[in-house]
Amino acid sequence: DHSGIERAHGIKVPVVDRGDSRGSDDQRFASAVAAFALVLRNSEHKGAANYDLVLALAREARGEDMEGYRNEFITMVERARALSAGGDTAVLERE
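It should be emphasised that the depicted structure is a prediction, and the values quoted were computed from it without experimental measurement. (Residues numbered from 1 in each chain as written. Predicted model: local features only at pLDDT ≥ 70, side-chain atom pairs only at ≥ 80, totals over all residues. Heavy atoms only, no water.)

A. Fine view of the environment of Leu55. Looking at the secondary structure, you find Leu55 in helix 2 (residues 51–60). Considering only alpha carbons, one finds Leu55 and Ile74, 19 residues apart in sequence, at a separation of 6.4 Å. (Helix = DSSP H or I, 4+ residues; strand = E, 2+ residues; numbered from the N terminus.)

What follows is the structure in structure tokens.
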């Protein structure tokens, strides 16, 4: 019984390319964090993402890091890469 549940309808919104396809530092850094999560999980959705790509994205988007969190993230990715067996994933096999 689905009474009281409304069905969602798609909304069409035009997207305009303003010529700055790089995005803000925040958007690009968020992409690095998301890619890191996919690499750690060895997700089927990670595509070509690996530790080197995550580091490149994060370093390029570090921007103003007044609290030092972005630098901490970069250090964490470097450590995860060093600990990973083949450099592609840090996922441990479960028994």
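That covers the picture; the talk isn't over yet.
B. Fine view of the packing of helix 1 (residues 25–40) against helix 3 (residues 69–83). Direction vectors running N to C along helix 1 and helix 3 enclose 30°, while the axes themselves pass 12 Å from each other. Between helix 1 and helix 3, the interaxial angle falls into the category roughly parallel. Of the two elements, helix 1 crosses helix 3, and the hand of that crossing is left-handed. Listed contacts from helix 3 to Asp25, Asp26, Phe29, Ala32, Val33 and Phe36 of helix 1 are Arg70, Phe73, Met76, Val77 and Ala80. Its residues placed into classes, the contact of helix 1 with helix 3 shows eight nonpolar, no polar and three charged. (Axes fitted to C-alpha atoms, helices over the stretch in contact; angles between N-to-C directions. Parallel < 35°, antiparallel > 145°, perpendicular 65-115°, else oblique. Left-handed = near helix turned anticlockwise from the far one by under 90°. Contact = heavy atoms within 4.5 Å. Nonpolar A, V, L, I, M, F, W, Y, C, P; charged D, E, K, R; others polar.)

C. Local environment of the packing of helix 2 against helix 3. For the pair helix 2 and helix 3, interaxial distance at closest approach is 10 Å and the crossing angle is 165°. Here helix 2 is positioned roughly antiparallel relative to helix 3, judged by the angle of their axes. Helix-helix and strand crossings are classified by hand; for helix 2 and helix 3 the assignment is left-handed. Judged by residue contacts, Tyr51, Asp52, Val54, Leu55, Ala58 and Arg59 of helix 2 engage Phe73, Ile74, Val77, Glu78, Ala80 and Arg81 from helix 3. Across the contact of helix 2 with helix 3, the residue classes break down as eight nonpolar, no polar and four charged.

D. Structural context of the nonpolar core. In terms of nonpolar packing, the biggest core is built from 15 residues, with Phe36, Tyr51, Val54, Ala58, Phe73 and Val77 touching the most fellow members. For this core, the secondary structure elements donating two or more residues are helix 1, helix 2 and helix 3. It is helix 1 that contributes the most residues to this core, five residues altogether. Once you skip the residues sitting within four places of it in the chain, Phe36 turns out to touch Tyr51, Val54, Phe73, Met76, Val77 and Ala80. (Core = buried A, V, L, I, M, F, W, Y, C linked by side-chain atoms within 4.5 Å. Buried < 20%, exposed > 50% of the residue type's maximum accessible area, 1.4 Å probe, protein only.)

E. Spatial organisation of helix 2. Buried residues of helix 2: Tyr51, Val54, Leu55 and Ala58, and no others. Along the axis of helix 2, the buried positions cluster into a sector of 95°, meaning they face one direction only. Residues of helix 2 that are buried in the fold lie against helix 1 and helix 3. The N-cap of helix 2, judged by a side-chain oxygen 3.1 Å from the amide nitrogen of Asp52 a few residues on, is Asn50. (Arc of directions from axis to C-beta. Polar contact = N/O pair within 3.5 Å; in protein donor to acceptor, adjacent residues only side chain to side chain.)

F. Just the pattern of salt bridges, in detail. Under the counting rule described, the total for this entry stands at four salt bridges. A salt bridge links Asp25 to Arg28; the shortest N-O distance between them is 2.4 Å. With Asp25 and Arg28 both in helix 1 and three residues apart, this pair spans about one turn of that helix. The exposure class of Asp25 is partly exposed, given its relative accessible area of 30%. For Arg28, a relative accessible area of 13% puts it in the buried group. A salt bridge links Arg81 to Asp52; the shortest N-O distance between them is 2.6 Å. (Salt bridge = Lys/Arg side-chain N within 4 Å of Asp/Glu carboxyl O.)

In short, the description is geometric, and any link to function would need to be established separately.
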